[in-house]
Amino acid sequence: MANMVELSNIHKSFGKNHILKGVNLTIEKGEVVVILGPSGSGKTTLLRTVNFLDSADDGSVAVNGFQLDCKKHSKTQVIELRRKTAMVFQNYNLFQNKTILENVMEGLVTVKKMGKADAEKMSREILAKVGLSERCDFYPSQLSGGQQQRAGIARALILDPDVILFDEPTSALDPELVGEVLNTIKTVAQTGITMIVVTHEISFAREVASRIIFMEGGSIVEEGKPSEILVNPKEPRTQQFLKRITDPQAAGE
Amino acid sequence: MDFKFIIEALPKIMLAVPITLFMSLVSAAAGWLLGLSIALIRKHRVPVLSQFSAVFVSFMRGVPMVILLYISYYALPILLYSYGLSIGITIDINAVPPIVYAIIALALDQAAYSSEIFRSALSAVDEGQMEAAFSVGMTRTQALMRIIFPQALAMAIPNLGGIFVGLVKGTSLAYYVGVYEITATANLLAMPALNFIEAYIMTTLIYEAISFVLNKLFRICEDRLKKFRAGASA
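Residues numbered from 1 in each chain as written. Chains lettered and ligands numbered in written order. Predicted model: local features only at pLDDT ≥ 70, side-chain atom pairs only at ≥ 80, totals over all residues. Heavy atoms only, no water.

1. Considerations on the overall build of chain A
As a reminder, the rule being used: In this description a helix means any DSSP run of H or I spanning at least four residues, a strand means any run of E spanning at least two, and both kinds are numbered starting from the N terminus. As defined in this context, the radius of gyration uses C-alpha atoms, and a globule is described by 2.2 Å times the residue total to the power 0.38. For the exposure calls, accessible area comes from a 1.4 Å probe over protein chains only, and a residue counts as buried if that area is under 20% of its type's maximum, exposed if over 50%, partly exposed in between. Under the convention used here, a 1.4 Å probe and the Shrake-Rupley method define accessible areas, while residue burial counts only the protein chains that appear. Only four residue types enter the tally: Lys and Arg on the positive side, Asp and Glu on the negative side, with His and both chain ends excluded. Charge placement uses NZ in Lys and CZ in Arg. For Asp and Glu, CG and CD serve respectively.
Secondary structure summary: chain A contains 10 helices and 10 strands in total. Against the 2.2 N^0.38 benchmark of 18 Å for 253 residues, chain A shows a C-alpha radius of gyration of 18 Å, consistent with a compact globule. Overall, chain A is about 55 × 45 × 35 Å in size when its C-alpha atoms are taken along their principal axes. Here chain A holds 253 residues, and 56% of them are scored as buried. Carbon together with sulfur atoms contributes 45% to the accessible area of chain A, which is approximately 11100 Å² in total. For chain A, the distance from the average site of its 30 positive side-chain charges to the average site of its 31 negative ones is 4 Å.

Below, the structure is given as structure tokens:
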């Protein structure tokens, strides 16, 4: 099975609000899929159904061949699925009571039952890669947003997941800090790991994505290579969205 | 002032300090554990148990401590005895020291009050912390023990310190059910020569001293637990 992630007929409602209306999505190993779309289109919810932070009402999710029925599954199955994935959050969500080093070690020690010495060695190496060697013993509250997010990426990477989910990783950052985080994500993308990224950064999508998915109103409207979607979108709704996001004047209408 | 009485009685009253502290520590440990469970039950809206907890907390807040002690001291043994008979064993109620009933009453009281403290502390921890713990593959128990509880405890500790000092003072009510802690001992010693003023001044000073030390201890705990909220200072 070359398919790394397989979402079939995903439905999700919050109360009366039908957020996802039967989404199907197949992602192959090593793909970097960027999901674009206006707010409220369901892109973040779709991402969160992959690791069951939001459990879909109907459909099925499969990660690296491990398939789960959204209606019928056990807690242990959900945990097993989550252990095949990792997530980078919009608000970083670093463990506030742990240092940066402990944040990265946590998954290895608690979930993978690795010895502390080995876990620390690995964690220091990966923190060096994201440029945080000097910040290992700091608490999240002592770091800038950009540094916190890079630590968040390290925490996800170290678990060696089958797929990493990025939920608007730069949306909460000050503009001058966006670059450092995007650069870190680009480096991660070059390692060949499967990634799903929800973002508003069009230029980043153009550079990094192997496929772009445009969502609106709870469905996938259009998908394809960045060169197709960003340059020659076929659907009027995609055209409209891209126009609004790339041309601030039009957004003011 | 009868200084001779003070000098004679003080060491004897001091001997009762460990009993007061023992009662406080055991009731706090049991009560807070129950309080934390109640907080979790109510936060996750566990059916039946959640409603039961709400009634329990509301009831406990309304009942005077002395009455609660009396209920525990007079009613509990009868219940225990008849339960014993129903399963065919005769429980010797008189063998149970009164301090046990006092601890049960105090622990239930602590459970009710601490549950509200834990509930607000738990809801003050960002939802994202649990999600992050799930995202790295932790179970709910692991997430609670390693991520959520430490953060909630740091927020709860000042209020817990407050109710603990209140509990230490509250143990003086155990006098009514015959536990010879600080207040009861002082009273007993004061009776023969009616040295009540001296006795009460001594007990006041002893409670003040205990409270002072406890406040300091809780402050130290708070600083330790909150070290992660150091801000950008380091």
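2. Re the sheet that holds strand S7 (residues 163-167) of chain A
All names here are of chain A. Our working definition: We treat two strands as partners when DSSP finds at least two bridges between them. For helices, the fitted line uses only the C-alpha atoms of the stretch in contact; every axis is such a line through C-alpha atoms, and the angle between N-to-C directions lies from 0 to 180 degrees. By the convention used here, residues are in contact when the closest approach between their heavy atoms is within 4.5 Å.
Here 6 strands make up an open sheet; going across it, the order is S6-S7-S8-S3-S9-S10 and the pairing mixed. Pairing within the sheet leaves two strands with one partner each, and these edge strands are strand S6 (85-88) and strand S10 (219-224). The sheet shows a mean angle of 20° between the axes of neighbouring strands, taken without regard to direction. Together, strand S3 (32-36), S6, S7, strand S8 (194-198) and strand S9 (211-216) form the strand contacts of helix H1 (residues 43-50), whose direction differs from that of S7 by roughly 150°.

3. Structural notes on the side chain of A:Arg155
Residues and elements named next belong to chain A. Stated precisely, the cut-off is as follows: Salt bridge, as used here: a side-chain nitrogen of Lys or Arg that lies within 4 Å of a carboxyl oxygen of Asp or Glu. Residues adjacent in sequence count toward polar contacts only when both atoms are side-chain atoms; beyond that, a polar contact is any pair of N or O atoms within 3.5 Å, and within protein one must be able to donate a hydrogen and the other to accept it.
Take arginine 155: it is sitting in helix H5 (residues 145-157). Among buried Asp, Glu, Lys and Arg side chains, arginine 155 stands out as unpaired, with glutamate 106 the closest opposite charge at 8.9 Å. Polar contacts involving the side chain of arginine 155 include one to the main-chain carbonyl oxygen of asparagine 93, which spans 3.0 Å. Looking at arginine 155, its side chain comes within polar contact range of the side chain of asparagine 103, at 3.4 Å.

4. Some details on the nonpolar core
Under the convention used in this document: Definition of nonpolar core: a set of buried residues of the types Ala, Val, Leu, Ile, Met, Phe, Trp, Tyr and Cys, connected through side-chain atoms within 4.5 Å.
Of all hydrophobic cores here, the largest spans 150 residues; its most connected members are A:Ile10, A:Leu46, A:Leu127 and A:Met195. Looking at which element gives the most residues to this core, the answer is helix H7 (residues 140-170) of chain B, with 14 residues. When sequence neighbours within four positions are dropped, the list of residues in contact with A:Leu46 reads A:Leu7, A:Ile10, A:Leu20, A:Val23, A:Leu25, A:Ile35 and A:Met215.

5. Quick word on the interface of chain B and chain A
Test applied: Buried area adds together the accessible area that both of two parts lose upon being put together, with accessible area traced by a 1.4 Å probe.
Contact with chain B, which involves 24 residues of that partner, is made by 27 residues of chain A. Around 2200 Å² of area is buried between chain B and chain A when both sides are counted, 55% of it from carbon and sulfur atoms. Our enumeration of links across chain B and chain A arrives at 2 salt bridges. In this structure, A:Glu106 and B:Arg146 form a salt bridge, with 2.3 Å as the shortest nitrogen-oxygen distance. For the interface between chain B and chain A, the tally reads 11 residue pairs in polar contact (both at pLDDT 80 or more). For the side of chain B that touches chain A, the secondary structure elements donating two or more residues are helix H6 (127-135) and H7 of chain B.

6. Quick notes on helix H6 (residues 175-190) of chain A
Structurally, the α-helix is built with 3.6 residues per turn, so residues lying three or four positions apart point the same way. All names here are of chain A. As a reminder, the rule being used: For a helix, the expected span equals 1.5 Å multiplied by the residue count minus one.
Taking 1.5 Å as the rise per residue, H6 with 16 residues should run 22 Å; its terminal C-alpha atoms sit 24 Å apart, in good agreement. When we look at burial in H6, the residues that qualify are Leu177, Val178, Val181, Leu182, Thr184, Ile185, Lys186, Val188 and Ala189. Buried residues belonging to H6 abut S3, H5, S7, S8 and helix H7 (202-208).

7. Let's talk about the packing of helix H2 (residues 17-43) of chain B against helix H5 (residues 98-124) of chain B
All names here are of chain B. For the record, the criterion: To sort the angles, those under 35 degrees are grouped as roughly parallel, those over 145 as roughly antiparallel, those from 65 to 115 as roughly perpendicular, and the leftovers as oblique. The sense of a crossing depends on the near helix, which, turned anticlockwise from the far helix by less than a right angle, makes the crossing left-handed and, turned clockwise, makes it right-handed.
It is the contact of H2 with H5, at a shortest axis distance of 5 Å, that shows an interaxial angle of 45°. Looking at the two axes, H2 sits oblique to H5. In this structure, H2 meets H5 at a crossing whose hand is right-handed.

What is shown is where atoms sit, not what they do.
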